[in-house]
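Observations on the model geometry
Okay, here's what each chain looks like letter by letter:
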Amino acid sequence: MDESSMPPPSVTAPGPPTPPVPLAALLAREELGLRRIAGPADADLLWVHTSEMADPYPYLLGGELLLSAGVLLTDPDRYVARLVEAGAAALGFGVRPVHESVPEALVEACDRHGLPLLEVPPETPFTTIARAVWRLMAEARHRELRRVTRAQQALATAAARPDPVPAVLHQLATHLDGRALLLTATGEELHTAGRHPSPEAAAALARLAGLVTRDRPGAPASATDTAGGTQLSAYALGGEVSSASSRDRSDLRTPTRADRPTQGQARDERRTHARDERVTAPQPQPQPQGERLALALATCRREPGDHTVAGIAVVLLSLLTAPHRGTDAAGRSAALVRLLLGASPAEVAPLLGPEGPWTVVHARRTDGTRADTLTAGALGASLGSTLVDAGYGEGDAVRVLLQEPNAPAPQPGWTLGAATPTPLPALPTADLRAARALAHAEATRTPLATETPATGLASLIPPDRAAAHARTLLAPLTPPLAGTLRCWLSLHGSWDRTAVALAVHRNTVRQRIGRCAELLGVDLNDMDVRTELWFALRQE
């Protein structure tokens, strides 16, 4: 009669696949008194099975520690060959009362076929061995769940950073102890993190990325390979994630006879069966715009929970890199085409949605690094807008166009400058004001500065008369001098802060302000003079 020692069914939601138990961990339990007397030292145990049949092959699934007292053992060589063919991981032979010692022919057969053979002393019941295996398996699963949970928390935190894509890749490379890359379909590296793989592995990763990003029906959602001992994986981004219920059912599927390795595959399948990761990867969908992307991983080893951790990263990266879609996409495309063909902003305004008002926001990274397209897009998403210009020149600010009711708010890792809401035709002026606000925010080290319109007494003067007076008063100044004077006055005459805002040396600021005083013929230390000039400069 056969008896399979299986753990009780779990009522909780499954996590990563249960890690196998190394044979060495079981042998280390001294209270069991087990001794390996033949076969290799390395083996991975998936479960324990007890059988006294002459040929237990039909009842094995692969990866078992088979326990037997040899009641019907007549042909040790054929017996061991059939176990290896079935994919058994090891054989535990109990001595007494049937056999006083392990038959020498069985020892020789296990050595010949490469099957680990354990001697089980009479005082150790088979159930005690099964209990020890499940305890070791539970401990391993608990460790793996804790590792996956820590990785999930770290990835979620990274996704909320100002530079979410590089941060997620960095955490992924750290928790998997390898290399994480964001690749295009052509193999171009957009972001990388972790130690560099070998040239052979890098080339294989590029091939895998091309495989999963093929824009045609039947393209796989993920692919794996090995190169020089390095474990390689690639996952397509930008698609939908299969439902949790179907994924859970796949994880818990009970192996059947059809899953048993063939004779030629038995030895390899026995070692890899435990790492059969059945977590369904997000299924990519065709993207109407842009180039499809892939997450690529290169690690020295592949743990049971690695596929779960990678799946979390795939979901986050898919959300962070997916192109924005919606009913207004066609309108924005039409507006762009009409602008390129010479239409005025007022003519294309209806295609962008409601008339406004609109808010222009300029932004730079707090650490001074340049923001790439993905990072700028993440900032736009945080502010609630898909209208983002990442800038392509060195030192260019990221520009975001917001439409009410969205309003700018401070963002971690960013310095923002915003103009007040304005109609679409006045956006060029608002763009200039947002740039000034950003310079002011950087000079004063505030996360967000907003340039407000004139209020109070200044608002009582008709705008046309105020603008005419400003043009007359400021006529002697060139635009660079006027900009320097305005920045200097807005920062209360601080040489250092003005130098920071304008990205020039403080002596340059002194020279320009002195030149302004000379051309205007005024004393800039006089508060009345400063007030009048500030009023005039605010009309620009």
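Everything below is about the structure printed above this text.
Note that the coordinates shown come from a computational prediction; the quantities given were computed from them, not determined experimentally.

**Topic: the sheet that holds strand 13 (residues 293-299)**
Spatially, the five strands line up as an open sheet ordered 10-9-13-12-11, and their pairing is antiparallel. Whereas interior strands pair on both sides, the edge strands pair on one side only; in this sheet they are strand 10 (189-194) and strand 11 (222-227). For this sheet the average axis-to-axis angle between neighbouring strands, irrespective of direction, equals 15°. Taken together, the five bridges between strand 9 (residues 178-184) and strand 10 define a ladder with antiparallel strand orientation. When the bridges of strand 10 are listed, L183 appears paired with E189.

**Here's the deal with the pairing of strand 9**
One face of the sheet, then the other: side chains in a regular strand alternate in exactly this way. Burial of strand 9 is extensive: seven of the seven residues sit out of reach of the surface. As judged from the seven bridges shared by strand 9 and strand 13, these two strands associate in the antiparallel manner. The residue bridging G178 from the neighbouring strand is T299, located in strand 13. Connecting the antiparallel pair strand 9 and strand 10 is a turn made up of four residues, with G187 showing a positive phi of about 90°.

**Things to note about the packing of helix 15 (residues 479-490) against helix 17 (residues 506-520)**
Helix-helix packing: each pair is described by the crossing angle between the helix axes and the interaxial distance. The geometry of helix 15 relative to helix 17 is characterised by a closest axis approach of 9 Å and an angle of 105° between their N-to-C directions. As summarised for this structure, helix 15 and helix 17 are arranged roughly perpendicular, according to the angle between their axes. For the pair helix 15 and helix 17, the contacting residues are L481, T484, L485 and W488 in the first and V509, R512, I513, R515, C516, L519 and L520 in the second. Of the residues in the contact of helix 15 with helix 17, the class split is eight nonpolar, one polar and two charged.

**A word on a negative patch on the surface**
A cluster of like negative charges, contributed by D523, D526, D528 and E532, occupies part of the molecular surface. Residue classification places D523 among the partly exposed positions, given a relative accessible area of 45%.

**Quick look at the sheet that holds strand 14 (residues 358-365)**
The sheet built from five strands is open, its strands ordered 15-16-14-17-18 with mixed pairing. Strands with a single pairing partner mark the edges of an open sheet, and in this sheet they are strand 15 (388-389) and strand 18 (448-451). Pairing between strand 14 and strand 16 (residues 398-403): six bridges, direction antiparallel. Bridge pairing in strand 16 links T359 to L402. Each of strand 14, strand 15, strand 16 and strand 17 (414-419) touches helix 12 (residues 373-383); the most contacted strand, strand 16, lies at about 25° to it.

**Topic: the packing of aromatic side chains**
Under the definition given, this model contains one aromatic pair. Here the guanidinium or amino end of R365 rests over the ring plane of W414, the centre of that ring lying 5.7 Å away.

**A closer look at empty space enclosed by the protein**
Counted according to the given criterion, the structure contains two cavities of 30 Å³ or more. Space inside the largest cavity adds up to approximately 100 Å³. Every residue lining the largest cavity is counted, 13 residues in all, and those nearest its centre are S233, Y235, L297, R302 and D306. Elements with a minimum of two residues in the lining of the largest cavity: strand 12 (230-236), strand 13 and helix 9 (306-321). Considering each element in turn, the lining of the largest cavity owes the most residues, four residues, to strand 12. Residues belonging to the lining of the largest cavity are distributed by class as follows: five nonpolar, four polar and four charged. Estimated volume of the second largest cavity: approximately 40 Å³. Around the second largest cavity sit E52, M53, S68, G70, V71, L72, L73 and Y79, which together line it.

**Overview of the pattern of salt bridges**
Side-chain pairs of opposite charge can arise where the charged atoms are in close proximity. If you walk through the whole model with that rule in mind, you get 19 salt bridges. Between E303 and R301 there is a salt bridge, with the nearest N and O atoms lying 3.2 Å from each other. Among the residues examined, E303 registers a relative accessible area of 27% and is labelled partly exposed. Here R515 and E518 are joined by a salt bridge, their closest N and O atoms 3.2 Å apart. With R515 and E518 both in helix 17 and three residues apart, the pair spans about one turn of that helix. One salt-bridge network, in which partners are shared between bridges, spans R161, D163, R365 and D367.

**Section: helix 17**
Look at helix 17: 21 Å from first C-alpha to last across 15 residues, which is about the 21 Å you get at 1.5 Å a residue. Taken as a whole, helix 17 has its buried residues at V509, I513, C516, A517 and L520. When helix 17 is viewed along its axis, its buried side chains cluster within an angular range of 95° and face the same direction. Counted as exposed and oriented over 90 degrees from the buried face of helix 17: Q511 and E518.

**Quick look at helix 3 (residues 104-113)**
Here helix 3 has its buried residues at L106, V107, A109 and C110. Here the buried residues of helix 3 occupy an arc of 165° about the axis, which is enough to place them on one side. What points out from helix 3, more than 90 degrees from its buried face, is the exposed set E104 and R112. Next to the buried residues of helix 3 lie strand 3 (35-38), helix 2 (76-86), strand 7 (90-94) and strand 8 (117-120). Immediately downstream of helix 3, the backbone of G114 shows phi near 75°, a positive value.

**Quick look at the environment of T157**
Relative to the assigned elements, T157 resides in helix 4 (residues 126-159). C-alpha separation for the pair T157 and A167, spaced 10 residues apart in sequence, amounts to 8.8 Å. Reaching out from T157, the side chain makes a polar contact with the backbone oxygen of Q153 at a distance of 2.9 Å.

What counts, and at which threshold
- Residues numbered from 1 in each chain as written.
- Predicted model: local features only at pLDDT ≥ 70, side-chain atom pairs only at ≥ 80, totals over all residues.
- Heavy atoms only, no water.
- Pairing = 2+ DSSP bridges.
- Helix = DSSP H or I, 4+ residues; strand = E, 2+ residues; numbered from the N terminus.
- Axes fitted to C-alpha atoms, helices over the stretch in contact; angles between N-to-C directions.
- Buried < 20%, exposed > 50% of the residue type's maximum accessible area, 1.4 Å probe, protein only.
- Parallel < 35°, antiparallel > 145°, perpendicular 65-115°, else oblique.
- Contact = heavy atoms within 4.5 Å.
- Nonpolar A, V, L, I, M, F, W, Y, C, P; charged D, E, K, R; others polar.
- Patch = residues over 30% accessible without salt bridge, like charges linked within 9 Å, V, L, I, M, F, W, Y side chains within 5 Å.
- Areas by Shrake-Rupley, 256 points an atom, 1.4 Å probe, with all protein chains shown as cover.
- Salt bridge = Lys/Arg side-chain N within 4 Å of Asp/Glu carboxyl O.
- Lys, Arg positive; Asp, Glu negative; His and termini not counted.
- Charge placed at Lys NZ, Arg CZ, Asp CG, Glu CD.
- Phe/Tyr/Trp six-rings, centres within 6.5 Å; stacked < 30°, edge-to-face > 60°.
- Lys NZ or Arg CZ within 6 Å of the ring centre and 35° of its normal.
- 1 Å grid on protein atoms, 1.4 Å probe; cavity = no way out; pocket = protein on both sides within 12 Å on 5 of 7 lines; lining within 4 Å.
- Points joined across faces, edges and corners; volume = space filled by probe spheres on them.
- Expected span 1.5 Å × (residues − 1).
- Arc of directions from axis to C-beta.
- Polar contact = N/O pair within 3.5 Å; in protein donor to acceptor, adjacent residues only side chain to side chain.

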